[in-house]
Amino acid sequence: MRKFFFLAILLFTSNFFAQENGLLEVAKSANVGMSTERIERIDAVLQAAVEENQVPGVVALIARNGKIVYHKAHGASNEKGNQLDKDAIFRIASQTKAITSTAVMMLWEEGKFRLDDPISKFIPEFGPAQILDTYNESEGTYTTKPAENQITIRHLLTHTSGLGYGVIDGDKRFQKIYEEAGITDLFTTENISIEESVKKLAKLPLHHNPGEKFTYSEGLDVLGYLIEIVSETPFDEFLRKRIFDPLGMNDTWFYLPKEKYDRLVAVQHKKDGKWENYPVTFYDTDYPKKGAKRFFSGGAGLSSTAKDYATFLQMYLNNGEYNGKRILSRTTVQSIMGNQTEDKFGEGKKHYGLAFGVVTEKGQDAGGEGSKGTFDWGGYFNTQYFADPKENIIGILMKQTRDSPGDETGWKFRQMVFAAIND
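In short, a report on the structure. What you see as residue numbers is a count from 1 along each chain, following the sequence as written. Where local features are concerned, this predicted model is filtered to residues with pLDDT of at least 70; where side-chain atom pairs are given and counted, the filter is 80 or more; whole-chain, interface and lining totals use all residues. Values shown for side chains rest on all heavy atoms present in the structure; no hydrogens or waters enter the calculation.

1. Here's the deal with the overall build of the protein
Point 1. The way it works is that DSSP assigns letters per residue, a run of H or I at least four long becomes a helix, a run of E at least two long becomes a strand, and they are numbered from the N terminus. Per the secondary structure count, the protein includes 12 helices and 16 strands.
Point 2. Rg of the C-alpha trace for the protein: 22 Å, near the compact-globule value of 22 Å for 423 residues, within the 12% margin.
Point 3. In terms of overall dimensions, the protein has a C-alpha envelope of 80 × 55 × 45 Å along the principal axes.
Point 4. A simple rule labels every residue: compare its accessible area, found with a 1.4 Å probe on the protein chains alone, to the largest value its type can have, and call it buried under 20%, exposed over 50%, or partly exposed in between. Residues counted as buried form 56% of the 423 residues belonging to the protein.
Point 5. Here, two residues are considered to be in contact whenever any of their heavy atoms come within 4.5 Å of each other. Here the analysis covers contacts within the protein between residues at least 6 apart in sequence; of these, 67% occur between residues at least 24 apart.
Point 6. Shrake-Rupley sampling with a 1.4 Å probe provides the accessible areas, and residues are treated as covered by the protein chains on show and by no other component. Counting every atom, the protein has about 18700 Å² of accessible surface; 47% of that belongs to carbon and sulfur. Our radius of gyration looks at C-alpha atoms and nothing else; its globule reference is 2.2 Å times the residue count to the power 0.38.

Structure representation (structure tokens):
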């Protein structure tokens, strides 16, 4: 009897600490205040999206209170129709940004810099900032005028630096300027380092005065190089030693180990009503497993799984800690979630912090986005995530498509996840 009593106490204590630490363990939805029936609806919607040819395949994960209540794959991983598995690896593109921002804030916690330090203090090539003034399209020439202030680390974190985004920039003038300068956008198989690309970028004009407005940019690539300078460690090694290994994110890489190649999902697009692998354009979609493997893009370069990224988000829901590993202080997490962009982002429904878009009270009341404080972002190849600190819930939706009109899984998944809460 005494042995049974102590065993019961041990089991209770283990479960208590697992819940307190927010460990991602599998549990029944009813045990964490989620409706089993409504989660089954989500499953049916995702399956229908594959059957209706909205997407070739999808992996989704839902977790609450550190418990995974749904983690499933539907559809195919490539044009051959191979079955998609829930541990498949996806190019997460701009979901890399939050991880890079986290690394920046880890070094900030160590007193390596202040957020309002000019980036030129560490990368002198940036020097006095210049704004694009005139542009001659026929000749590809331009003039500049001095900026009123200098780019800071905070500006780079919040996409208010005035830098652009090359080939995906909304301003065609900057597309051409970046192309002419040989800026490496997003990802590449070419033999170039982030140092080389960032130093080229530093010489180019800005969209506007730093801090003036939100312009999505390559600022996180600049910060990847900053991390190398400040930590005196290659960027990929810093992430591995300081974030991925401590959190157990063993499937998150810039360039995949060979034993993981067959788990990488193909990027597909629809042609004549059928899904086929995406062709080589300004990049080769096989970049995670071929080429020079030297360009560690802090803004777009990582590949990962739904489970790994959920682990990263759970660390944030745990106020910077996971499985006994402290990544950030809870006070730093508070600053990261704060409104760093005032009214420059999201039309009042969201603000931008130091790593994420964050839902405001207006966004909460509009419906379908989660509670005030829910943080989110997505990636170029149709991946997305959200995490709600109030409800302690995570939603991740992984796809690998380009040019996929008619795909309604994104908004439906998010809306229905929050509708599945029933406690």
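And the narrative resumes.
2. Re the packing of aromatic side chains
Point 1. Here the aromatic set is Phe, Tyr and Trp, taking the six-membered ring for Trp, and pairing holds for ring centres within 6.5 Å; pairs whose planes are under 30 degrees apart are stacked, those over 60 apart are edge-to-face, and all others are tilted. Tallying each qualifying case throughout the model produces 30 aromatic pairs.
Point 2. Their ring planes at 80° and their centres at 4.7 Å tell us that phenylalanine 282 and tyrosine 283 sit as a pair that is edge-to-face.
Point 3. Here phenylalanine 282 falls in the partly exposed class, since its relative accessible area comes to 41%.
Point 4. Accessibility expressed as a relative area gives 3% for tyrosine 283, which makes it buried.
Point 5. Ring centres of tyrosine 316 and phenylalanine 356 lie 5.1 Å apart, and the angle between their planes is 90°; on these two criteria the pair is classed as edge-to-face.

3. Some remarks on helix α5 (residues 172–181)
An α-helical turn contains 3.6 residues, so any two residues separated by three or four positions project in the same direction.
Point 1. Looking only at α5, the buried set comprises Phe174, Ile177 and Tyr178. Looking straight down α5, one finds its buried side chains confined to an arc of 95°; they lie on one side. Summarising the geometry of α5, the exposed residues directed more than 90 degrees from the buried face are Lys172, Glu179 and Glu180.
Point 2. Buried residues along α5 sit against β5 (130–136), β6 (141–146) and α6 (194–201). Arc definition: it is the arc formed by the directions from the helix axis to the C-beta atoms.

4. A few points about the nonpolar core
Point 1. Put simply, buried Ala, Val, Leu, Ile, Met, Phe, Trp, Tyr and Cys residues joined by side-chain atoms within 4.5 Å make one nonpolar core. By size, the foremost hydrophobic cluster in this structure holds 93 residues, and its most contacted members are Ile153, Leu239, Phe312, Leu313, Tyr316, Phe356 and Ile396.
Point 2. Considering every element that reaches this core, the biggest residue donor is helix α9 (residues 306–317), with 8 residues.
Point 3. Sequence-distant contacts of phenylalanine 356, that is, excluding residues within four places in its chain, are made with Ala98, Phe312, Leu313, Tyr316, Ile336, Met337, His351, Phe375, Asp376 and Tyr385.
Point 4. Judged by nonpolar contacts, the second largest core, of 21 residues, contains Leu46, Ala49, Val50 and Ala420.

5. Some remarks on the pattern of salt bridges
Pairing of side chains with opposite charge becomes possible as their charged atoms draw close.
Point 1. For this document, the term salt bridge refers to a Lys or Arg side-chain nitrogen within 4 Å of an Asp or Glu carboxyl oxygen. Per the counting criterion, the structure on display carries 24 salt bridges.
Point 2. With a shortest N-O distance of 2.9 Å, glutamate 25 and lysine 67 are connected by a salt bridge. Taken together, the residues glutamate 25 in strand β1 (residues 25–26) and lysine 67 in strand β3 (residues 67–75) connect sequence positions 42 residues apart.
Point 3. Assessed through its relative accessible area of 32%, glutamate 25 is described here as partly exposed.
Point 4. The partner of lysine 199 in a salt bridge is glutamate 125, with the nearest N and O atoms 3.7 Å apart. In this pair, lysine 199 sits in helix α6 while glutamate 125 sits in the loop between α3 (96–109) and β5, placing the two residues 74 residues apart along the sequence.
Point 5. Residue classification places lysine 199 among the partly exposed residues on the basis of a relative accessible area of 26%.

6. A few points about the environment of threonine 184
Point 1. Positionally, threonine 184 belongs in the loop between α5 and α6.
Point 2. Judged by its relative accessible area of 8%, threonine 184 is buried.
Point 3. Spatially, the C-alpha atoms of threonine 184 and leucine 201 are 9.1 Å apart, while their sequence positions differ by 17 residues.
Point 4. Residue contacts for threonine 184: discarding those within four places in its chain leaves Ile192, Ser197, Glu218 and Phe295.

7. Some remarks on helix α2 (residues 36–51)
Point 1. Here a helix's expected span is defined as the number of its residues, less one, multiplied by 1.5 Å. In a regular helix each residue adds 1.5 Å, so 16 residues correspond to 22 Å; α2 covers 23 Å between its end C-alpha atoms and thus fits that length.
Point 2. Residues of α2 that are buried include every one of Ile39, Ile42, Asp43, Leu46, Ala49 and Val50, and no others. Projected down its long axis, α2 shows its buried positions confined to an angular sector of 120°, all on one face. Across α2 from its buried face, at more than 90 degrees, point the exposed residues Glu37, Glu40 and Glu51.
Point 3. Buried residues along α2 sit against β2 (57–64), β3, β16 (393–398) and α12 (409–419).
Point 4. At the exit of α2 stands asparagine 53, carrying a positive phi of roughly 70°.

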